[in-house]
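Geometric and topological summary
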Amino acid sequence: MSIFDGLPIPKDKSFLKEELSRIDESWAAARFDSLPHVVHILTSKDREGEVKVLKEQSDIIEEVVDEVVHAYHSGFNKAIQNYSQILRLFSESAQSLGELKVDLAQAKKLLGAHNKQLHQLWYRSVTLRHIISLLDQVEGIAKVGALQDVRSELTKLRGAFFYKVLEDLHSHLYNKGEYSSDVSSMLESDDAIPTATATSSMNYSHSLSRRTRLLKGDGDGVYRPSSVDGSSSYDGHNEDGTLDMHDDAAPNGYTPTMKAIGGDARIFSRQIPVWLSDSTPDEFVEAMRKSDAPVHVKYLQTLVECLSMLGKVSAAGAIICQRLRSTIHDIITAKIKAQVGRVSRQRNGLGHTASPTVTGLHYLKGQLEHHLAKQKRQNGISPNGALAVSPVSHVMSPSGTAQISARDLLDSILDTVVRIFENHVIVGELLESKSSQQLNMNTPKTMAADVSWSNDSDVSNDTGGFSVGFSLNVLQSECQQLICEILRATPDATSADAAVQTARLASKNPSKDKRDGSEDGLTFAFRFTDASTSTPNQGSDLNRQGWRRPNVVQEGYGTGAVLPEQGIYLAASVYRPVVQFTEKVASMLPQKFSQLGNDGLLAFTENFVKDHFLPTMFVDYRKSVQQAISSPAAFRPRANVAVSYTPSIGKGRPVLQGLLAIDCLAKEVLGWAQAMPKFAGELINYVQTFLERTYERCRTSYMEAVLEKQSYMLIGRHDVDNLLRLDPSSTCLINSLDDGILETNDLDAGSNGVEMELSDILLNLRPIKQENLIREDNKLILLSSLSDSLEYVADSIERLGKSSSKAYNHVEENEPHHARTGSLPPKDLESFAEDYRKLAIDCLKVLRIEMQLETIFHLQEMTKREYLDDQDAEEPDDFVISLTSQITRRDEEMAPFVADVKRNYIFGGICPIAANWSIKALAEMKSINLFGVQQICRNSIALEQALAAVSSIDSEVVQMRLDRVRTYYELLNMPFEALLAFIQEHEDLFSAAEYLNLLKVFVPGREIPEDAHGRLSEILPS
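Residues numbered from 1 in each chain as written. Predicted model: local features only at pLDDT ≥ 70, side-chain atom pairs only at ≥ 80, totals over all residues. Heavy atoms only, no water.

**Looking at the overall build of the protein chain**
- Assigned secondary structure in the protein chain consists of 33 helices and zero strands.
- For the protein chain, contacts bridging at least 24 residues in sequence account for 80% of all contacts bridging at least 6.
- Working note: accessible area of the protein chain is about 52,900 Å², and carbon and sulfur atoms make up 54% of it. (Helix = DSSP H or I, 4+ residues; strand = E, 2+ residues; numbered from the N terminus. Contact = heavy atoms within 4.5 Å. Areas by Shrake-Rupley, 256 points an atom, 1.4 Å probe, with all protein chains shown as cover.)

As structure tokens, then:
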């Protein structure tokens, strides 16, 4: 099908299609090479005629273009009009939106001012009412002097109980409590959370009531339900109602009983929790009994209920906020230290039983690297050679140990953070609910309408600043600091201007659920400041109880001790765990905080990859590519290669070091793309840029070898190119290396016709001049090695392109979040593979034509020599000896660099051209005697032996064709009558012109009748 088909040409000008079909499609090639056409015109006998034909073709194309433009003119006009209307509508919409923004800003300002004033008035009224109520109570209590000591004691007990509840809540928030969901999976002595303990004495000399003892416990912060008479209500208690702490208790304080309770928490989900078994039945206890929630959720609900009953929701929230960052930092650091300890034990041989798989993989990897290094030395690749051009070390490569270690470490830490955040979501919603209930109880009915439209910042203040959004920001902040340490980056490395990003996030319109909550600090992607708000007069109580505010300045996490290397290239191993973390967090977030998951850790990681990792990678790999292709040894065929060709790169296939390095770099970059599917488009563009530069360098090397050479000009001719395509031997150019050598029966009459036509074209170029040939053997070796190397890279690129396209299409279908960036689809890798393969084929075509021209250059001496020897020569002619030695030498030099089937293609054209020219040369000879015939036969035998020595050539085909030459010249020794009899029996063996040439040459001693030509013409076909 022609590329000009389908053009809108009217029927009255159908002749244009016929004219277009005569134009060669090579003019429309993507990489148009004008040199062959210029050479064709300059070497043509009728230059004016050729130029005239080009002008006529140009006129036809211009007329076709006019018809196409006329056909689509109305459509273009309509499209332009539609575009203008769309543009006008967009402009009007933008103007309207601008006005709307101004109006909304003014409305927000007015509402904010009034809201603040009303809130102050309401808060003053509530405060005054509360003061009046307290004054009345104080006045009444002051009249009873004996109650002062009781009140003081109750106040102390209330404070102690508050901090016990808070300590237990803190432990369960971070999955270190008795009823935590994953307590059994975290029972490691070096993973314990460092928590503050109360410094004031809990041992009072006063006698306490039974209920106070039950709620208070024995000073270890664990609530132990017991029966009325003091006996145990479940196994594991002593007679005095306390837990029996045996010596086999876990080092972190958890007993087997605790483990059993934590591990089998869901068994009690439909029963009254053990810690509420002696509680007075009320609405909350009944709700706990009917609830299907897991045990750890019920326990968190109970602790929050206790805080609500104490009226300490805001104080608890403030303390949780203050301890959140330091606790998360300690948890992450403890997990990293635990990992370091495991690695140390493995290195010392103590941990081989615990992780035989990991140890075995490390051992296998070391053995594999040693084996590969040994193979590289055997293949002639130096340690600083082609395979060492990667900008990253082997441990930092996409599949290196550093990437695996970083990914596993981050997976483990982020999984722990997700489980912690799940508890914070539960507690945050409970605290918010309790704070709103307390607010409703303490608010006069006349103020109910005003409270209903207060913003979310009021709610966070009622909870002491603690909320789900605050927890998520701090957790993601610490995770970001961890990632920055792994990547050796700064926290604000996501943007060139952090202020611009903050302004962009601040300008976002609040969601409907948030109402006017943009001032609560949760609208921004990151605002990494700890809560500094607390209830009045709380500071002294915190210090007395040992709850000191942690130091804000944090040290590093110590990831360098567990990771083989750190650096920006670990972003590839960071990306996927962050994506999974974001998806899990988004599934937990309440609806009104749903936007927080989009502007958090994932946005940081993606911005870092886009703004820092990808540009750095491009620069590093571009330098490596430039170094690989500009090195003097990049396009130098290797020395000391094997005697025969091997198709396996592992067994010594002599691919050029420059192309081998490019192949390794391309695979490495695509490895990064597989680790980060969202950025696969950019990374594939990088690979395409590198491949394009390498292709240009390969083409430059190719042109340096063939420039101004006759073989290069010939393959650019349209007629020669068509004949080369029709030649059956060209099938090896599109088949794989395992297709084998062509069989003899493939050389049918059609193929002989193509060979004869191509042979005639080449023979008409005589005399062949030496300066038009590639005489340097090193250039021929370079072409052969370049052809095989290009084919190797093309096959590799094609495989990579197919596998990557399937993988990325699967990701786009099943994971929309990983959709590739980029608006226009880039040129696929298969097209680059096709370009490389075409250049490899051009190298082989040049080598084949070059060997045929070399054959003509040597054998054209036959017409300059008189074959009237007076004695039988023992050696072939000198030009034949030169040709055969050249064939043998070049075959030996090319054998390690070209597969047998390709070597057969290169040298397989010598025999047809030699046989054809040997027969045609008789027409240019004036005389020849018996010794001359023997000399020519000896020449053909020498050529046959040289070609048969080429292992890739079928010796039977060579013998058959050169036997025909010897048979032809031996007919000169026959008498005329015997010749006629032979022709009658073998009239198809030679053409009529070839038979007539036998009579034209003078052979001493042979008598030719005067009517010989007539008699011969009678028996030959017309």
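Still more ground to cover, so stick around.
**Overview of the side chain of Asn916**
- Relative to the elements of secondary structure, Asn916 occurs in helix α28 (residues 910-920).
- Under the relative-accessibility criterion, Asn916 is labelled buried at 4%.
- Asn916 has contacts with Met756, Ser759, Asp760 and Leu763, leaving out every residue within four places of it along the chain. (Buried < 20%, exposed > 50% of the residue type's maximum accessible area, 1.4 Å probe, protein only.)

**Here's the deal with the nonpolar core**
- By size, the foremost hydrophobic cluster in this structure holds 222 residues, and its most contacted members are Tyr702 and Tyr969.
- In terms of residue count, helix α25 (residues 829-859) provides more of this core than any other element does, 17 residues in total.
- The residues contacting Tyr969, other than those within four sequence positions of it, are Met862, Ser918, Ala921, Leu922, Met925, Ile928, Val933 and Ile936.
- One finds Leu20, Ile23, Ile60 and Val64 within the second-largest nonpolar core, a separate group that totals six residues. (Core = buried A, V, L, I, M, F, W, Y, C linked by side-chain atoms within 4.5 Å.)

**Topic: the packing of helix α19 (residues 657-675) against helix α20 (residues 680-706)**
- Packing of α19 against α20 leaves a shortest axis separation of 9 Å and a crossing angle of 170°. One element, α19, and the other, α20, form an angle in the roughly antiparallel class. Seen from α19, the contacting residues are Leu659, Ile662, Ala666, Val669, Leu670, Trp672 and Ala673; seen from α20, they are Ala680, Leu683, Ile684, Val687, Phe690, Leu691, Thr694 and Cys698.
- Tallied by class, the residues present in the contact of α19 with α20 amount to 14 nonpolar, one polar and no charged. (Axes fitted to C-alpha atoms, helices over the stretch in contact; angles between N-to-C directions. Parallel < 35°, antiparallel > 145°, perpendicular 65-115°, else oblique. Nonpolar A, V, L, I, M, F, W, Y, C, P; charged D, E, K, R; others polar.)

**Thoughts on the environment of Trp917**
- Along the polypeptide, Trp917 turns up in helix α28.
- Look at Trp917 and you get buried, because its relative accessible area is 2%.
- Trp917 sits 62 residues away from Thr855 along the chain, and the two C-alpha atoms are 9.5 Å apart.
- Each residue touching Trp917, except ones within four places of it in the same chain, is listed here: Leu763, Arg766, Leu859, Gln860, Met862, Thr863 and Glu924.

**Quick look at a negative patch on the surface**
- A contiguous patch of negative charge on the surface is contributed by Glu56, Asp59, Glu62 and Asp66.
- Residue position: Asp66 is located in helix α3 (residues 47-142). (Patch = residues over 30% accessible without salt bridge, like charges linked within 9 Å, V, L, I, M, F, W, Y side chains within 5 Å. Salt bridge = Lys/Arg side-chain N within 4 Å of Asp/Glu carboxyl O. Lys, Arg positive; Asp, Glu negative; His and termini not counted. Charge placed at Lys NZ, Arg CZ, Asp CG, Glu CD.)

**Comments concerning helix α22 (residues 718-726)**
- Of all the residues in α22, the buried ones are Val720, Asp721, Leu723 and Leu724. Here the buried residues of α22 occupy an arc of 160° about the axis, which is enough to place them on one side. More than 90 degrees from the buried face of α22, the exposed residues found are Arg725 and Leu726. (Arc of directions from axis to C-beta.)

**Re the packing of aromatic side chains**
- In the structure shown here, the tally under the stated rule is 16 aromatic pairs.
- Arranged with centres 5.6 Å apart and planes meeting at 90°, the rings of Phe990 and Tyr995 form a pair that is edge-to-face. One exposure class covers both Phe990 and Tyr995, and it is buried.
- Here the basic side chain of Lys312 rests over the ring of Phe162, its NZ or CZ set 5.7 Å away from the ring centre.
- Positioned above the aromatic ring of Tyr905 is the side chain of Arg848, whose terminal nitrogen or guanidinium carbon lies 4.7 Å from the ring centre. (Phe/Tyr/Trp six-rings, centres within 6.5 Å; stacked < 30°, edge-to-face > 60°. Lys NZ or Arg CZ within 6 Å of the ring centre and 35° of its normal.)

**So, the pattern of salt bridges**
- On inspection of all chains with the given rule, the structure shows 32 salt bridges.
- In this structure, Arg837 engages Asp795 in a salt bridge whose closest nitrogen and oxygen atoms are separated by 2.5 Å. Placement of Arg837 in helix α25 and of Asp795 in helix α24 (residues 777-814) is noted, with a sequence separation of 42 residues between them.
- By sharing partners, the salt bridges in this structure join Arg775, Asp777, Glu854, Arg889 and Arg890 into a single network.

**Details of unusual backbone geometry**
- With an omega dihedral of 0°, the bond running from Arg766 to Pro767 counts as a cis peptide bond.
- Here Pro767 is to be found in the loop between α23 (749-763) and α24.
- Positive phi outside glycine occurs at Asn175, with the angle close to 60°.
- Secondary-structure assignment places Asn175 in the loop between α4 (147-173) and α5 (210-216).
- Classification of Asn175 as buried rests on a relative accessible area of 2%.
- Phi at Glu708 takes a positive value of approximately 65°, unusual for a residue other than glycine.

**With respect to the confidence of the model for the protein chain**
- Looking at the protein chain as a whole, the pLDDT averages 74, with 71% of positions reaching at least 70.
- Under a pLDDT of 50 for its full length, residues 494-553 has, in the predicted model, 108 contacts with residues more than four places off or in other chains.
- Under a pLDDT of 50 for its full length, residues 736-749 has, in the predicted model, 22 contacts with residues more than four places off or in other chains. (pLDDT = per-residue confidence, 0-100.)

**Topic: the side chain of Ser44**
- Inspection of the secondary structure assignment puts Ser44 in the loop between α2 (35-43) and α3.
- From its side chain, Ser44 meets the backbone nitrogen of Asp46 in a polar contact 3.3 Å long. (Polar contact = N/O pair within 3.5 Å; in protein donor to acceptor, adjacent residues only side chain to side chain.)

**Digging into a nonpolar patch on the surface**
- Residues Ile61, Val65 and Val69 make up a contiguous nonpolar surface patch of about 220 Å² in total accessible area.
- With respect to the helices, strands and loops of the structure, Val69 is situated in helix α3.

**Observations concerning helix α17 (residues 571-588)**
- Its 18 residues give α17 an end-to-end C-alpha distance of 26 Å, which sits within 8% of 26 Å, the value for a rise of 1.5 Å per residue.
- All buried positions along α17 are accounted for by Ala571, Ala572, Ser573, Val574, Tyr575, Pro577, Val578, Val579, Phe581, Thr582 and Val585. (Expected span 1.5 Å × (residues − 1).)

**What about the environment of Ile332?**
- In this fold, Ile332 is placed in helix α9 (residues 313-347).
- Between the C-alpha atom of Ile332 and that of Ser412, which follows or precedes it by 80 residues, the distance is 9.7 Å.

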